[in-house]
Amino acid sequence: MIKLLANALFMSTPLILGACGEVVAERTGMMVTAVEGIFLFGAWGGFVGAYFTKSLLLGFLAAIACGVLVALLYAVTTIHMQQNQVVMGTAVNILMTGICEFFYRVIFGTPLEPLTVKPLPVLPVPLLADIPVLGTILFRQNLITYLTWILVPAVLFLLYKTSLGLTLRSTGENPEAVDVAGIRVNRVRLLAVLFAGILGGIAGAYYSIGDIGMYTTSIISGRGWIAFAICFLGNWNPLLALGAGVVFGTSDAVGVYVKSLGSGFFPSELFTALPYILTILLTVVRRRFNAPAKLGTAYVKEH
Amino acid sequence: MTRKTRAAEAFLSTFLAITAGLLLSFAFLPFMGIHPLSSLGLLFSSMFSDRYTIGTIFVKAAPLILTALSFAIAYRSNLFNIGAQGQFYIGAICAVSVTLGLQNRIPAFLVILLAGLAGSLGGGAVGALIGLLKAKYHANEFLVSMMSTYVIAELMDYLLRTFLREKAKDYLQTDSIDPSAWLPVIVGKTSVHLGVVLAVAAALLVWVLLFKTQAGFRIRAVGLNAEAARMCGIRPETQCILTLFISGLLAGFAGFIEVNGMQHMLITGLDADVGSYGIGIAILGSANPIGILFASVLFGALKTGGTTLGQVSNVPASIIDLMEGFVMIFVLISYFVRHKISLSKTKRLLGKAVKHD
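Conventions we followed
Residues numbered from 1 in each chain as written. Chains lettered and ligands numbered in written order. Predicted model: local features only at pLDDT ≥ 70, side-chain atom pairs only at ≥ 80, totals over all residues. Heavy atoms only, no water. Helix = DSSP H or I, 4+ residues; strand = E, 2+ residues; numbered from the N terminus. Rg over C-alpha atoms; globule rule 2.2 N^0.38 Å. Buried < 20%, exposed > 50% of the residue type's maximum accessible area, 1.4 Å probe, protein only. Contact = heavy atoms within 4.5 Å. Areas by Shrake-Rupley, 256 points an atom, 1.4 Å probe, with all protein chains shown as cover. Buried area = accessible area lost by both parts, 1.4 Å probe. Salt bridge = Lys/Arg side-chain N within 4 Å of Asp/Glu carboxyl O. Nonpolar A, V, L, I, M, F, W, Y, C, P; charged D, E, K, R; others polar. Patch = residues over 30% accessible without salt bridge, like charges linked within 9 Å, V, L, I, M, F, W, Y side chains within 5 Å. Arc of directions from axis to C-beta. Axes fitted to C-alpha atoms, helices over the stretch in contact; angles between N-to-C directions. Parallel < 35°, antiparallel > 145°, perpendicular 65-115°, else oblique. Left-handed = near helix turned anticlockwise from the far one by under 90°. Core = buried A, V, L, I, M, F, W, Y, C linked by side-chain atoms within 4.5 Å.

Trainee: So, the overall build of chain B: which residues are in play, and what are the values?
Mentor: What chain B contains, in helices and strands, is 13 helices and zero strands. Put simply, chain B runs from its N terminus to its C terminus through helices and strands in the order α-α-α-α-α-α-α-α-α-α-α-α-α. Over its C-alpha atoms chain B spans a radius of gyration of 22 Å, differing by no more than 12% from the 21 Å that the globule rule assigns to 357 residues. Over its C-alpha atoms, taken along the principal directions, chain B stretches across nearly 85 × 60 × 35 Å. A total of 357 residues make up chain B; the buried ones form 52% of that total. A separation of at least 24 residues holds for 76% of the contacts in chain B among residues at least 6 apart in sequence. Accessible surface, chain B as shown: approximately 16000 Å² in total, 68% of it carbon and sulfur.

Trainee: Account for the interface of chain A and chain B, naming residues and giving values.
Mentor: Opposite the 46 residues of chain A that make contact, chain B presents 43 residues. Summing both sides of the interface, chain A and chain B together bury roughly 4000 Å²; the carbon and sulfur share of this comes to 79%. Per-residue buried area on chain A facing chain B is highest for A:Ile94, A:Phe102 and A:Glu269; these three make up 16% of the total on that side. Where chain A meets chain B, there are one salt bridge. When residues of the side of chain A that touches chain B are traced back to their parent elements, those giving at least two are α3 (56-80), α4 (85-108), α10 (223-233), α12 (269-272) and α13 (274-285) of chain A. Looking at the side of chain A that touches chain B residue by residue, the class counts come to 26 nonpolar, 15 polar and five charged.

Trainee: Pulling in residues and values, what's your account of the pattern of salt bridges?
Mentor: Residue and element names in this part refer to chain B. Applying the stated rule across the entire model yields nine salt bridges over all chains. In this structure, the salt-bridge partner of Glu-9 is Lys-345, at a minimum N-O distance of 3.8 Å. With a gap of 336 residues between them, Glu-9 in helix α1 (residues 3-26) and Lys-345 in helix α13 (residues 319-356) connect regions that are remote in the sequence. Relative accessible area serves as the criterion here: at 29%, Glu-9 is assigned to the partly exposed category. Residue Arg-230 is joined to Glu-227 by a salt bridge in which the shortest nitrogen-to-oxygen separation is 3.4 Å. On the criterion of helical spacing, the pair formed by Arg-230 and Glu-227 is a turn pair, its members being three residues apart in helix α9 (residues 226-231). On the basis of relative accessible area, Arg-230 is assigned to the partly exposed category, the value being 39%. Salt bridges sharing common partners tie together Glu-227, Arg-230 and Glu-237.

Trainee: Describe in detail a nonpolar patch on the surface, supporting the description with residues and values.
Mentor: Residues and elements named next belong to chain B. A surface patch of nonpolar side chains, amounting to about 340 Å² of accessible area, comprises Ile-186, Val-187, Leu-194, Val-197 and Leu-198. As for its position among the elements, Val-197 is in helix α7 (residues 194-212). Looking at Val-197, the relative accessible area reads 42%, which means it is partly exposed.

Trainee: I'd like to hear about helix α7 (residues 163-173) of chain A, residue by residue, with values.
Mentor: Residues and elements named next belong to chain A. Of the residues making up α7, those classed as buried are Gly-165, Thr-167, Leu-168, Thr-171 and Gly-172. What you see down the axis of α7 is that its buried residues fit within an arc of 160°, all on one side. Its buried side turned inward, α7 meets α1 (2-27), α6 (143-161), α8 (175-180) and α9 (185-212).

Trainee: Describe in detail the packing of α1(B) against helix α2 (residues 36-47) of chain B, supporting the description with residues and values.
Mentor: Residue and element names in this part refer to chain B. Remark: α1 packs on α2, axes separated minimally by 9 Å, with the N-to-C direction vectors making an angle of 125°. By the angle between their directions, the pair α1 and α2 is classed as oblique. Here α1 runs over α2; the crossing is right-handed. Contacts between α1 and α2 pair Leu-22, Leu-23 and Phe-26 from the former with Pro-36, Ser-39, Leu-40, Leu-43 and Phe-44 from the latter.

Trainee: Tell me about unusual backbone geometry, and please be specific about residues and values.
Mentor: A positive phi angle, close to 55°, is found at A:Val133, a residue other than glycine. Relative to the helices and strands, A:Val133 resides in the loop between α4 and α5 (134-138).

Trainee: With reference to specific residues and values, describe the packing of helix α5 (residues 108-137) of chain B against helix α10 (residues 236-263) of chain B.
Mentor: All names here are of chain B. It is the contact of α5 with α10, at a shortest axis distance of 6 Å, that shows an interaxial angle of 145°. Here α5 runs over α10; the crossing is right-handed. Residue classes in the contact of α5 with α10 are distributed as 15 nonpolar, 10 polar and two charged.

Trainee: Mind laying out the environment of A:Ile107, listing which residues take part and the relevant values?
Mentor: Residue and element names in this part refer to chain A. Locating Ile-107 in the fold gives a position in helix α4. On the accessibility criterion, Ile-107 (34% relative accessible area) is partly exposed. Spatially, the C-alpha atoms of Ile-107 and Val-48 are 8.7 Å apart, while their sequence positions differ by 59 residues. Residues within four places of Ile-107 in sequence aside, it is in contact with Trp-44, Val-48 and Phe-52.

Trainee: Requested: an account of the nonpolar core, with residues and values cited.
Mentor: Of all hydrophobic cores here, the largest spans 187 residues; its most connected members are A:Tyr215, B:Leu66, B:Leu69 and B:Leu266. At 15 residues, α4(A) tops the list of elements feeding residues into this core. In contact with B:Leu66, not counting residues within four places along its chain, are B:Ala199, B:Ala202, B:Leu250, B:Phe253, B:Ala254 and B:Ile257.

In structure tokens, the structure reads:
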């Protein structure tokens with residue numbers, strides 16, 4: 001049970017990371033529908049980086065670079081070329097599936113044994129890790145997880161207590177006013193999407209080099225979309241997104257656990273599908289929304 | 001600008017986008033020490049190598065036509081059904097269950113008919129459900145349809161592991177269906193089956209529905225301006241359920257023709273990318289059923305050529321996925337470029353007109 005809870009937090013980290021990036025971007029009016037592609041390319045880039053440099057740090061840096069690259073492609077086409085964000089995101093995701101599969105083959109050929117790197121180690125916090133029960137759950141996690149917990153309040157502070165946060169939020173609510181104030185709307189949006197790219201890249205790499213230590217084509221399989229949903233269900237608030245992220249992490253962990261038991265007629269698939277079912281249910285149940293007014297619409301300056 | 005020149009421009013820019021995507025993806029081949037032009041030549045020559053391969057192009061295009069139509073018809077109504085993959089699976093599950101349950105008990109044509117109906121209605125039901133959630137609870141159809149695909153994929157794996165599993169219990173697949181329940185092959189010495197014709201007919205039907213009937217006008221009216229449509233007495237909520245029902249119906253029908261026409265059984269991960277390809281093709285064909293027909297044949301050909309290429313050379317078959325991605329992006333960028341060009345043209349004309357005054 002304790003192990004399951006610890007694992008739940010472990011699995012929730014990338015979802016929270018991705019959702020935080022998504023929150024910041026969506027606050028400026030940009031739905032990052034390319035999030036699945038960002039995760040995937042991050043996972044790919046992280047693995048390739050870590051495999052060749054034998055360093056997890058460099059792996060994560062490579063993942064950030066990959067995430068930013070995808071985010072840049074998405075941002076330029078949706079912000080500056082004003083293409084529909086949903087259509088463009090779908091296109092980018094398909095492109096990334098192709099790129100990752102193709103270049104994995106280009107770089108590694110078809111290895112007989114799956115290639116592996118040593119995944120992210122557990123980093124017990126001195127003293128705190130020795131607290132019974134709680135210590136095992138909370139303070140025997142990895143570095144990225146701790147950083148994520150620091151990041152959430154930081155993003156919350158940024159959004160609500162700083163002038164930069166005000167700019168970000170206004171860009172999503174009333175871009176004309178931001179423009180009149182002499183701030184370039186499209187630049188704010190571009191930077192917000194790139195921020196989502198950074199976090200999404202790390203989140204993707206968390207699955208490949210943080211968790212299982214290898215890369216497969218189905219490694220993300222919709223986790224990016226779940227991060228997207230978490231932002232939505234967390235009412236565009238990083239703290240609520242953290243809560244939602246833990247719920248999804250738990251269902252992810254339960255799914256992995258049940259699958260490891262093996263099963264006959266018992267539908268263990270139900271648990272694998274749990275995060276997706278949960279997303280549908282929560283989308284339906286949640287009635288009050290606080291969506292940024294200009295979410296999903298390009299800003300065209302009047303001349 | 002006249003309609004004709006606009007169509008010509010659209011054709012030209014799409015052609016350029018496809019060519020650019022093709023060239024760019026093959027430009028990566030030297031990394032593998034493979035000569036790109038010779039493999040490009042091989043791609044095209046292997047597509048048309050013999051009668052059977054040419055037939056395969058159309059067999060592969062058929063489900064793509066249907067999933068692309070599925071996305072396009074919802075898109076016309078400003079709805080994003082990106083869950084065609086799941087509706088396709090449901091269609092396949094329904095079709096294979098009906099066929100396995102009824103074959104050799106009732107006349108073969110009835111089996112096929114009922115399987116087709118079950119497949120389409122199964123897919124349609126999923127679509128309508130998504131529409132209902134959207135209309136009644138304001139659920140985001142984009143998110144719900146996306147998630148439903150993953151849920152249905154797990155459901156399919158469960159059924160294939162338990163109730164529908166083949167008698168040999170070796171693989172995650174059903175037993176083969178009886179040849180009497182196969183969609184008949186209509187062109188000799190190929191695998192072109194009746195489903196191909198049905199898919200093309202579906203495209204023509206959707207075209208008529210969208211552009212020549214009142215029902216189609218309603219679909220498009222909601223897409224263009226939901227509030228204006230409401231003023232005219234169209235209820236966008238009901239319309240949303242109906243549109244997504246048709247959208248799911250088309251994807252479910254694709255599941256039926258793949259099971260009864262091509263695969264003759266249900267296997268895990270059947271055509272796992274038919275949904276995402278459908279979206280790509282719908283965009284490539286600018287959500288027009290006729291454009292979709294051409295785009296589907298193009299991708300059917302590339303898939304066929306790509307598979308052969310993967311077998312006879314070291315070029316990975318995934319190069320086709322790479323290409324599809326690039327083509328989609330380039331097509332979208334070409335929309336922007338065309339918009340820019342026509343904008344500057346209008347500006348120039350306006351400038352001239354002002355000078356004359």
